[in-house]
Amino acid sequence: MEIILASASPRRKEILQNTKLKFEVQKSEIEEEVFEEESPESMVVRLAYEKAFDVAQKNRDKLVIGADTIVVLGNEVLGKPKDEKEAFDMIQKLSNKTHRVITGISLINLKKGIVINDYQVSYVTFKDLSEDSIKDYINTKESLDKAGGYGIQGYGALLVEGIQGDYFNIVGLPISKLSDLLKDHFDINLFYGG
């Protein structure tokens, strides 16, 4: 079965490439809407599904994988910052606290009528960060295209005191959970590249 990753994220692509799975990338064109009454888990699963469904409509016989990742502090969802000031404010909020990183996954094959939606949660604890440390991080220019204003796979690792859960979930694709879903529902074994 041909597989499409419905994501423009180079990090998701790299994680999936590390398994030797053969797939192509097609970016979804959906507008990501946030609804106030929605739980973070519901939101991230819905967005992953919408991305996957958008691409699946043009590729009905292929398996489409969609994903969406958010950072949640308490009940506040921290998306991608619009500028450096917002990135600074986000990281300052996360300083000396533990937050959740939630990734929704959606697997869709319209020809077979299969839709699988799930999510993974990891916990990240930040060090007690000084304003200078936060400014140093912002100056790396790494924070602007990342949920919560940081990327754990880059300089953002220097902000982190510890994690609980799947590291790859924090990067943007919980590959272990995805592997289980692919095996259970599509008989695809990532140990053998599919």
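Just above, that's the structure.
Residues numbered from 1 in each chain as written. Predicted model: local features only at pLDDT ≥ 70, side-chain atom pairs only at ≥ 80, totals over all residues. Heavy atoms only, no water.

1. What to know about the pattern of salt bridges
Here comes step 1: For the coordinates displayed, the defined rule picks out 15 salt bridges.
Here comes step 2: Among the salt bridges present, the one from Arg100 reaches Glu41, with a minimum N-O distance of 2.8 Å. Of this pair, Arg100 sits in strand 5 (residues 98-109) while Glu41 is found in helix 2 (residues 40-56), placing the two residues 59 residues apart along the sequence.
Here comes step 3: Beyond isolated ion pairs, a larger network of salt bridges with shared partners links Glu2, Glu24 and Lys62. (Salt bridge = Lys/Arg side-chain N within 4 Å of Asp/Glu carboxyl O. Helix = DSSP H or I, 4+ residues; strand = E, 2+ residues; numbered from the N terminus.)

2. Brief notes about the packing of aromatic side chains
Here comes step 1: The tally for this structure, following the rule as stated, stands at 3 aromatic pairs.
Here comes step 2: Look at Tyr49 and Phe53: their rings are 5.6 Å apart centre to centre, the planes differ by 20°, and that puts the pair in the stacked class. Remark: Phe53 and Tyr49 occur in helix 2; sequence separation between them is 4 residues, near one turn of the helix.
Here comes step 3: For Phe53, a relative accessible area of 28% translates into the label partly exposed.
Here comes step 4: Ring centres 4.8 Å apart and planes at 70° place the aromatic pair Phe126 and Tyr150 in the edge-to-face group. In this pair, Phe126 sits in strand 6 (residues 114-126) while Tyr150 sits in the loop between helix 4 (131-138) and strand 7 (160-164), placing the two residues 24 residues apart along the sequence.
Here comes step 5: Taking the relative accessible area as the measure of exposure, Phe126 reaches 1% and is therefore buried. (Phe/Tyr/Trp six-rings, centres within 6.5 Å; stacked < 30°, edge-to-face > 60°. Buried < 20%, exposed > 50% of the residue type's maximum accessible area, 1.4 Å probe, protein only.)

3. Description of helix 4
Here comes step 1: All of the buried residues in helix 4 are Ile134, Tyr137 and Ile138. Buried residues of helix 4, viewed axially, fall in a sector of 100°; they line one side. Turned more than 90 degrees away from the buried face of helix 4 sit Asp132 and Asp136, all of them exposed.
Here comes step 2: Contact partners of the buried residues in helix 4: helix 3 (84-94). (Arc of directions from axis to C-beta. Contact = heavy atoms within 4.5 Å.)

4. Focus on the nonpolar core
Here comes step 1: Of all hydrophobic cores here, the largest spans 42 residues; its most connected members are Leu16, Leu107, Phe126, Tyr150 and Leu178.
Here comes step 2: Discounting chain neighbours no more than four positions away, the residues touching Phe126 are Ile91, Leu94, Ser95, Asn96, Lys97, His99, Tyr150, Leu159, Val160 and Glu161.
Here comes step 3: Judged by nonpolar contacts, the second largest core, of 8 residues, contains Ala52, Val55, Ala56 and Leu110. (Core = buried A, V, L, I, M, F, W, Y, C linked by side-chain atoms within 4.5 Å.)

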